[in-house]
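Okay, here's what each chain looks like letter by letter:
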Amino acid sequence: MLVAIKDQSITVSGMSQTAQRASSSKLAAIVRLSRWREHVPFTIPLTLVGGLLAMEPIGAPVDWRLFVVLAANVLAMCFAFMLNDVEDAPDDALDTAKRAHNAISGGLLSRREGLRICAATCALSLLLFALAGGWALALGGITLALCYLYSAHPFRFKARPLTDFLSHALMLSGLLVAAGYATYSSDPGGVWLVVAAAILFSAYGQFYNQVEDYDVDKSAGLRNTVVLLGKNTTAWLGHLSFAGALVCIVITISQGLFPGWLGVIICVGALACVVFPWELDMRGNRARFGANVQRPGLLVANLAALMWLASNLGLLTIA
C-alpha cells in the first residue's frame, strides 16, 4: 500500500514537472515571437523623447502616463513583429535560417496560438493607450492599424511599393514619438521636426534593408519599392533620407527644443559614431553603405533619452 502511494506521488510529481517545463517552453516561445530585442532599443528613446518634448517648455515633471504610453508602444511593436512572423511563417519555413528565427515556422507555436497571442497583445496595447489619454489613443490606434495592414493578408503593405516604407516609417518611429508627445500636449509646436527626423531615419533603415534583401524579395515575387525602383535608386533614397533626418535634428537643436547639454551629448555621440563605427548593422550582418553607425547611434539615442528622463525626474543634476 505504501509502495503504491509512493509510486502515485512520483507519477504526480513527474507530471507536474512536465507541465512546468511545457509552460516554460511556451513562455519562452512567446518571448521569442515578440522579437523584443529588435524593437525595444528604439521604442524606448522615441517614446521618452516625445513625452519629454511636451514637458520641457513648461518645466513640468513627467508622471505615470509616460510609462503607460511607453508600455503601450512596446506592446504595439511586439504586435507588429509577432504578426509579421505569423504571416511570414509559411515562407520562412522554406529557409533554414529564417525557420530557426521564427517561432511559428520553427514549430514552437501553432499559427492559431500565434494569432491569439497577437490579438491579446493588440488589445492590451490599445487599453494602455486609452489610459494615456484621448490623443494617445487615437495615435496608438493608427499605429496598431498600420501594424496589422503591414503584414496581414490580403493587405500586405510590406509587399507593395510606396506603402512598404511609408507604413514602416510611420508605425516604427514617427507615431511612437507622436504618441508620447500627445500624452501631455495637443499643440504640435516644433515636435513635427522631431517626428520628421524619426520618420526619415526609419525610412533610411527600410531602404537599407530592402537593398540588402533585393535578391530574396525579387525571387519571391514581391513588388516592393526596391524591386520597382532598383537597388541603386533605393540606396540613394536611403542616403537622402538619412541626410534629411540629420538636417531636422540640427534644426531642432538650434531651435532649443532640447536642453542645451543634451544637444552637446547628441553632437558628441554622433561624432563618436562616425569616428568609431561598428562592423555590423542592426540585423547583425556586415554593415554596408554607412550602416556601421546604426548600433552606436542607437546606443547614443538611448543614453541621451534616459539622461533627459533622469534630469526631469530630479535624479540627475547637470549644471
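The preceding data block contains the structure.
Let us look at the structure shown here. Because the structure is a prediction, the values reported are computed rather than measured. The residue numbers shown here count from 1 along each chain, following its written sequence. Side-chain atom pairs in this predicted model are given and counted only at pLDDT of 80 or more, local residue features only at pLDDT of at least 70, and totals for whole chains, interfaces and linings cover all residues. Side-chain calculation: all heavy atoms of the structure are included, whereas hydrogens and water are not.

### Focus on helix α5 (residues 111-132)
- Given a rise of 1.5 Å per residue, 22 residues ought to cover 32 Å, and the 32 Å separating the end C-alpha atoms of α5 matches this to within 8%.
- Along α5, the residues that are buried comprise Gly114, Ile117, Cys118, Thr121, Ser125, Leu128, Phe129 and Ala132. Projected onto a plane normal to the axis of α5, the buried residues spread over an arc of 110 degrees and lie on a single side. Along α5, the residues that are exposed and aim more than 90 degrees away from the buried face are Arg112, Arg116 and Leu127.
- One or two residues past the end of α5 sits glycine 133, with phi positive at roughly 130 degrees. What counts as a helix is a DSSP run of H or I of at least four residues, what counts as a strand is a run of E of at least two, and both are numbered from the N terminus. One less than the residue count of a helix, multiplied by 1.5 Å, gives the span that helix is expected to have. Note on classification: 1.4 Å probe, protein chains only; a residue is buried when its accessible area is under 20% of the maximum for its type, exposed when over 50%, partly exposed between these limits. Arc, as used here, means the arc of the directions from the helix axis to the C-beta atoms.

### Here's the deal with helix α2 (residues 36-55)
- Between the first and last C-alpha of α2 there are 28 Å, a value that for 20 residues agrees with the 28 Å anticipated at 1.5 Å per step.
- The largest bend in α2 comes to about 25 degrees, at threonine 43, with the proline proline 45 one to four residues further on.
- In terms of burial, α2 is a largely internal element, 15 of the 20 residues being buried. We define the bend at any residue as the angle between the axes fitted to the seven residues before and including it, ending there, and the seven starting there.

### Topic: the nonpolar core
- Leu53 and Trp308 are the most contacted members of the largest nonpolar core, which totals 66 residues.
- No other element matches helix α3 (residues 64-92), which puts 17 residues into this core.
- Note on contacts: a residue pair is in contact if any heavy atoms of the two residues lie within 4.5 Å. When residues no more than four places from it in sequence are discounted, the contact partners of tryptophan 308 are Val49, Leu52, Leu53, Glu56, Leu257, Phe258, Pro259, Trp261 and Leu262.
- Only buried residues count toward a nonpolar core. Its members are Ala, Val, Leu, Ile, Met, Phe, Trp, Tyr and Cys residues joined through side-chain atoms within 4.5 Å. Val211, Tyr214, Val227 and Ala235 belong to the second largest nonpolar core, which has five residues in total.

### Details of the packing of α5 against helix α6 (residues 134-151)
- All axes are obtained by fitting lines to C-alpha atoms, using only the stretch in contact for helices, and the reported angles, taken between N-to-C directions, cover 0 to 180 degrees. Following both chains from N to C, one finds α5 and α6 inclined at 160 degrees, their axes separated by 7 Å at the closest point. Classified by the angle between their axes, α5 and α6 sit roughly antiparallel to one another. The crossing of α5 and α6 is right-handed. Taking contact as the criterion, the partners of Cys122, Ser125, Leu126, Phe129, Ala130 and Ala132 in α5 are, on α6, Ala136, Leu137, Gly140, Gly141 and Leu144. Roughly parallel here means an angle under 35 degrees, roughly antiparallel means over 145, roughly perpendicular means 65 to 115, and every remaining angle is called oblique. It is the rotation of the near helix from the far one that decides the hand of a crossing: anticlockwise by less than a right angle makes it left-handed, clockwise makes it right-handed.

### Observations regarding the packing of helix α8 (residues 191-212) against helix α11 (residues 231-254)
- Contact geometry of α8 with α11 gives a least axis separation of 8 Å together with a crossing angle of 160 degrees. Relative to α11, the element α8 is oriented roughly antiparallel. Judged by the twist between their axes, the crossing of α8 over α11 is left-handed.
- Of the residues assigned to the contact of α8 with α11, the class counts are 18 nonpolar, five polar and one charged. Under the scheme applied, nonpolar residues are Ala, Val, Leu, Ile, Met, Phe, Trp, Tyr, Cys and Pro; charged residues are Asp, Glu, Lys and Arg; polar residues are all the others, including Gly.

### Considerations on the packing of aromatic side chains
- To pair, rings of Phe, Tyr and Trp, with the six-membered ring standing in for Trp, must have centres within 6.5 Å; the planes then decide the type, stacked if under 30 degrees apart, edge-to-face if over 60, and tilted in the middle. Applying the stated rule across the entire model yields six aromatic pairs.
- Arranged with centres 4.8 Å apart and planes meeting at 45 degrees, the rings of phenylalanine 165 and phenylalanine 207 form a pair that is tilted. Taken together, the residues phenylalanine 165 in helix α7 (residues 163-182) and phenylalanine 207 in helix α8 connect sequence positions 42 residues apart.
- Relative accessible area serves as the criterion here: at 16%, phenylalanine 165 is assigned to the buried category.

### A closer look at the pattern of salt bridges
- We count a salt bridge whenever a side-chain nitrogen from Lys or Arg sits within 4 Å of a carboxyl oxygen from Asp or Glu. Summed over all chains, the structure comprises seven salt bridges.
- Between arginine 35 and aspartate 85 there is a salt bridge, with its nearest N and O atoms 2.8 Å apart. Placement of arginine 35 in the loop between α1 (2-34) and α2 and of aspartate 85 in helix α3 is noted, with a sequence separation of 50 residues between them.
- Residue classification places arginine 35 among the buried residues on the basis of a relative accessible area of 14%.
- Under the relative-accessibility criterion, aspartate 85 is labelled buried at 3%.
- In this structure, the salt-bridge partner of arginine 65 is aspartate 63, at a minimum N-O distance of 3.1 Å.
- For arginine 65, a relative accessible area of 26% puts it in the partly exposed group.
- Each of Arg35, Glu38 and Asp85 takes part in salt bridges that share partners, so that together they form one network.

### Remarks on the state of the cysteines
- When two cysteine sulfur atoms lie within 2.5 Å, the pair is treated as a disulfide. If you walk through the whole model with that rule in mind, you get zero disulfides.
- Here cysteine 122 stays free of any disulfide, with the sulfur of cysteine 147 as its closest cysteine sulfur at 8.1 Å.

### Brief notes about the side chain of serine 34
- Residue placement: serine 34 occurs in helix α1.
- Overall, serine 34 belongs to the buried group, its relative accessible area being 7%.
- Setting aside its immediate chain neighbours within four residues, serine 34 contacts His39, Cys78, Phe81 and Met82.

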